Amino acid sequence: MANATPTRLGQNLAAGAADALFLDLFSGEILAAYETMVKFAPTVRSKTISGGKSYKFPALYKAMGQYHVPGTEINGQNILGTEIVITTDDLLIAPVEIAEIDELRNHFDVRSPYARELGNALALIDDRITSMSILKAARAPELFTGDGGGGLVQESDISGSADFTTSGADLWAAFGRSVRVMDEKDVPVETSTIHGAVLPLQWYLMAESEKNINKDYGAGGSINKHMLNGVNGVQVIKSNALLFGQDVTAYNAGTNADGIVGKPNDYKYGLPANFPSKYQADLTGNAGPVALAWQEAAVARLQLLGLATEQEWDIRRQVTLMLAKMSVSAGTLRSKCAVEIRKTA
């Protein structure tokens, strides 16, 4: 009896490995989930490198105009310059193991939803790295003398009765004040996009505010559709990746039970125990942020390894290990390009 010639569904053009296309589908699922979920990376200055432990971002301060006296020699001036070094972080991974018997028994496609979860996990930490870096930039000192450091807008800057936790109108005013703070430091607010970020509660307060549909404010939103187009020239992101109100420091059951870094079984806010200290801060209380506003030069984001995937069949354990990985870091570039919005100083 002749041997059968089966069509191998995972082969590429009927040649090569029998599971080649299966890996491509897995990779594609993760990439699509990551790109859908990540929100902060496109809003800052990014650089991808192929090797090395750090990258140097150049920074220059302004030139000065002067009058010329006829007959005198014209000499150049000293324009201040420096460099900001952003170092790479350790490899960020999201792994899962799937037992073959469980996959066979299941009545739905197992790998696709798991792939999406791996992509979502990396996007969440990526966003938290970038958003914490924006906050750190808003709290950082000036890079050059006279250039201006990070900005702060608090409720008392708006009015004596302002409340950023309950009033969408007050948040509109806060973002407008943030743009002014940056504008006064020569940040190019008219020729570049100004970004903002809030938790869903504040976003819906602004979306439901009359200023969101009042044409006198240049708004084009909709209360019915919960649309929020632009807030005083700021493109506002709604994200649960923001850690406002949380103690983003190392968890310790005895001395720091509120810390969320390394906190066991905290699936909503928990961060890896080795989450770098440069992204950590206690954000609880009235002195914690309610919103952020920034221009792309506020933060530099460095990517050593873009999103990559691997999977391997373990014959000894009868499981498939699926892994998503990347290496990304961030740090302050120009602090004057970031503003923190909070209740009190």
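Worth saying up front: this structure is predicted, and the values here are computed from it rather than measured. (Residues numbered from 1 in each chain as written. Predicted model: local features only at pLDDT ≥ 70, side-chain atom pairs only at ≥ 80, totals over all residues. Heavy atoms only, no water.)

## Points about the confidence of the model for the protein chain
Across the protein chain, pLDDT averages 88, with 87% of residues at or above 70. Low pLDDT (under 50) marks residues 222-226, which in the prediction has nine contacts with non-local residues, meaning those over four places away or in another chain. (pLDDT = per-residue confidence, 0-100. Contact = heavy atoms within 4.5 Å.)

## With respect to the nonpolar core
One finds F175, V248 and W294 to be the most contacted residues of the largest nonpolar core, which totals 71 residues. Looking at this core element by element, the count peaks at eleven residues for helix α3 (residues 111-138). Sequence-distant contacts of F175, defined by excluding residues within four places in its chain, comprise G196, A197, V198, M206, V231, V234, V236, A291, L292, A293 and I341. Among the nonpolar cores identified, the runner-up in size contains ten residues, and Y61, F144, L302 and L333 belong to it. (Core = buried A, V, L, I, M, F, W, Y, C linked by side-chain atoms within 4.5 Å. Buried < 20%, exposed > 50% of the residue type's maximum accessible area, 1.4 Å probe, protein only. Helix = DSSP H or I, 4+ residues; strand = E, 2+ residues; numbered from the N terminus.)

## Some words on the pattern of salt bridges
Proximity of charged atoms lets side chains of opposite charge pair with each other. By the definition in use, this model includes 14 salt bridges. A salt bridge links K325 to E310, with the shortest nitrogen-to-oxygen separation between them at 2.4 Å. With K325 in strand β13 (residues 319-332) and E310 in strand β12 (residues 299-314), this residue pair connects regions lying 15 residues apart in the sequence. Judged by relative accessible area, which is 18%, K325 ranks as buried. Within this structure, R139, E340 and R342 form a network of salt bridges that share partners. (Salt bridge = Lys/Arg side-chain N within 4 Å of Asp/Glu carboxyl O.)

## Considering helix α5 (residues 168-183)
For α5, which comprises 16 residues, the first-to-last C-alpha distance of 23 Å matches the rise-based estimate of 22 Å (1.5 Å per residue) to within 8%. Capping of α5 at its N-terminal end is provided by S167; its side-chain oxygen lies 3.5 Å from the backbone amide nitrogen of A169. (Expected span 1.5 Å × (residues − 1). Polar contact = N/O pair within 3.5 Å; in protein donor to acceptor, adjacent residues only side chain to side chain.)

## Considerations on empty space enclosed by the protein
Applying the stated criterion across every chain, the model contains one cavity of 30 Å³ or more. The calculated volume of the largest cavity comes to roughly 30 Å³. Lining the largest cavity, in full, are S131, M132, L135, L242, L243, F244 and L292. Ranked by the residues each element gives to the lining of the largest cavity, the list is headed by α3, at three residues. (1 Å grid on protein atoms, 1.4 Å probe; cavity = no way out; pocket = protein on both sides within 12 Å on 5 of 7 lines; lining within 4 Å. Points joined across faces, edges and corners; volume = space filled by probe spheres on them.)

## What to know about the sheet that holds strand β1 (residues 45-48)
Taking strand neighbours across the sheet as the criterion, the four strands line up as β1-β12-β13-β4 in an open arrangement whose pairing is mixed. Both outer strands of the open sheet, β1 and β4 (92-99), are each paired with one neighbouring strand and no more. Direction aside, neighbouring strands of the sheet carry axes that sit 25 degrees apart on average. The sheet contact formed by β4 and β13 spans eight bridges and is antiparallel. By the bridge assignment for β13, L92 is matched with M326. (Pairing = 2+ DSSP bridges. Axes fitted to C-alpha atoms, helices over the stretch in contact; angles between N-to-C directions.)

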